[in-house]
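Tertiary structure, described
Listed below, chain by chain, are the residues.
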Amino acid sequence: MNEIIRINHLSKIYNKKTNALKVLDDISMNVYKGEFVAVTGQSGSGKSTLMNIIGCLDRAESGQYLLDGKDVCKMNDSEMTRIRSSKIGFVFQSFNLLPSLTAIENVELPLLYKRINKTERERIAQEALECVGLSERIKHLPNEMSGGQQQRTAIARAIAVSPELLLADEPTGSLDKASGEEVLSIIRKMNNSGVTVVMITHDINIAALADRQIVISDGRIIN
Ligand SMILES: Nc1ncnc2c1ncn2[C@@H]1O[C@H](COP(=O)(O)OP(=O)(O)O)[C@@H](O)[C@H]1O
Ligand SMILES: [Mg+2]
């Protein structure tokens with residue numbers, strides 16, 4: 001099997017100059033293409049920091065990170081942005097939708113950044129919203145939707161860019177049980193269609209739904 005993520009001896013330090021805090025300590029891990037992996041551990045253990053590095057949103061101090069065989073640590077910021085927008089979809093606990101845009105406009109936004117024309121954007125966004133069961137809500141604003149519907153809109157936004165890798169940071173953390181289950185089944189469906197999923201969760205019951213778990217404690221992988 002092919003590795004999409006290969007991390008070797010990665011460390012991340014915050015406040016290097018003043019009050020150095022080693023948040024990730026000698027992390028080595030891999031994720032194979034097509035896998036559904038949960039990264040789990042207590043609050044403050046470094047999960048989101050690791051996800052930001054995997055998502056090319058942040059950099060490590062030392063170590064190596066290969067994304068689809070490409071050395072991210074050697075990239076400049078614009079190369080990181082390019083690989084991020086071509087390969088990775090994100091889902092966050094707090095949805096991160098723009099409040100003044102409708103569901104379909106939110107889903108279209110990353111396509112706008114990719115300079116895809118309006119007709120094509122609308123077609124792709126509509127299809128992505130259908131995938132998450134929201135064809136009836138495309139003109140709604142985020143505050144006119146439930147939490148579960150907002151998170152499904154955020155997943156549609158990720159689906160619209162056809163990512164190879166989905167990074168989900170506590171995707172059900174703000175949802176009730178039923179909406180959470182709906183969101184997890186959509187993420188599972190994406191994985192079944194070939195998208196590699198790395199899902200961060202502090203909830204061991206949710207982590208158990210993944211094919212494999214990586215446990216971190218105090219910035220180190222313990223399992
Ligand atoms: N930007 C930052 N600057 C300084 N410390 C941070 C920053 N982000 C997170 N931390 C610290 O790093 C540790 C790990 O945080 P985080 O990765 O968010 O953990 P988790 O997602 O597992 O809850 C925590 O102690 C947190 O306070
Ligand atoms: Mg976190």
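It should be noted that the structure appears before, not after, this text.
Now for a description of the structure that goes with this document. Please read these numbers as outputs of a predicted model, since none were measured by experiment.

Overall, mixed pairing links the six strands, which are arranged S6-S7-S8-S3-S9-S10 in an open sheet. With partners counted over all chains shown, the strands left at the sheet margins are strand S6 (88-92) and strand S10 (220-221), one partner each. The pairing of strand S7 (residues 165-169) with strand S8 (residues 196-201) spans five bridges and is classified as parallel. Its bridge partner being in S8, Ala168 is matched across the sheet by Met199. Against the sheet, helix H5 (residues 147-160) makes contact with S6 and S7, and its axis sits at roughly 175 degrees relative to S6, the strand it touches most. The strands touched by helix H6 (residues 177-192) within the sheet are strand S3 (36-40), S7 and S8, with S8 carrying the most contacts at an inclination of about 150 degrees.

Along helix H3 (residues 103-113), the residues classified as buried are Ala103, Ile104, Asn106, Val107, Glu108, Pro110 and Leu111. Among the structural elements, helix H2 (77-87), helix H4 (118-131) and H5 are those in contact with the buried residues of H3. The first or second residue beyond H3 is Arg115, which carries a positive phi of 60 degrees.

Among the secondary structure elements, Arg123 is positioned in helix H4. Between the alpha carbons of Arg123 and Ile200 there is a distance of 31 Å; along the sequence they are 77 residues apart.

What follows deals with the environment of Ile27. In this structure, Ile27 sits in strand S2 (residues 21-32). A tally of 23 C-beta atoms within 10 Å means that Ile27 is categorised as buried. Setting aside residues no more than four positions away along its own chain, Ile27 makes contact with Ile7, Leu10, Leu50 and Ile221.

Pairing in this open sheet of four strands is antiparallel, and the strands run S2-S1-S4-S5 from one edge to the other. Sheet topology places S2 and strand S5 (70-71) at the edges, where each strand pairs with a single neighbour. Relative to S5, strand S4 (residues 62-67) runs antiparallel, the two being bridged by two bridges. Paired with Leu66 across the strands is Asp71, a residue of S5. Sheet contacts for helix H1 (residues 47-54): strand S1 (3-14), S2 and S4; angle to S2, the most-contacted strand, approximately 55 degrees.

On to the nonpolar core. In a soluble, globular protein the nonpolar side chains are often hidden away together inside. Leu166 and Val197 are the most contacted members of the largest nonpolar core, which totals 61 residues. Here the element with the most residues in this core is H5; it accounts for six residues. Beyond its immediate chain neighbours, meaning those up to four positions away, Leu166 contacts Gly89, Val91, Ala158, Ile187, Met190, Val195 and Val197.

Attention shifts here to the site of ligand 1. Every residue close to ligand 1 is listed here: Tyr14, Asn15, Leu21, Val23, Gly41, Ser43, Gly44, Ser45, Gly46, Lys47, Ser48 and Thr49. For the shell around ligand 1, the secondary structure elements donating two or more residues are S2 and H1. The biggest single contributor to the shell around ligand 1 is H1, with three residues.

Before going further, it helps to examine unusual backbone geometry. Despite not being glycine, Asp68 shows a phi value in the positive range, around 50 degrees. On the secondary structure map, Asp68 appears in the loop between S4 and S5. Non-glycine residue Glu170 carries a positive phi angle of around 50 degrees. Within the secondary structure, Glu170 is located in the loop between S7 and H6. Here Glu170 falls in the buried class, since 21 other C-beta atoms lie within 10 Å of it.

Cut-offs and rules
- Throughout, a residue's number is its position along its own chain's written sequence, starting from 1.
- Each chain is given a letter, starting from A, and each ligand a number, starting from 1, according to the order in which they appear as written.
- This being a predicted model, a pLDDT of at least 70 is required before a residue's local features are given, and a value of 80 or more before pairs of side-chain atoms are given or counted; all residues contribute to the totals for chains, interfaces and linings.
- DSSP-based pairing: two strands are paired if at least 2 bridges between them are found.
- The numbering of helices and of strands both runs from the N terminus, where a helix is a DSSP run of H or I of at least 4 residues and a strand a run of E of at least 2.
- In this description, any two residues whose backbone-derived C-beta atoms lie within 7 Å of each other are considered to be in contact.
- To define axes, lines are fitted to C-alpha atoms, for helices over the stretch in contact only, and angles between the resulting N-to-C directions are given on a 0 to 180 degree scale.
- To sort residues by burial, count the other C-beta atoms lying within 10 Å of each one's C-beta; a count of 20 or more means buried, 12 or fewer means exposed, and anything in between means partly exposed. C-beta atoms are built from the backbone.
- Note on definitions: a nonpolar core is a set of buried residues drawn from Ala, Val, Leu, Ile, Met, Phe, Trp, Tyr and Cys, linked by C-beta atoms within 7 Å.
- Nearness rests on one distance test: the residue's C-beta atom, set from the backbone, must lie within 6 Å of the molecule or strand.

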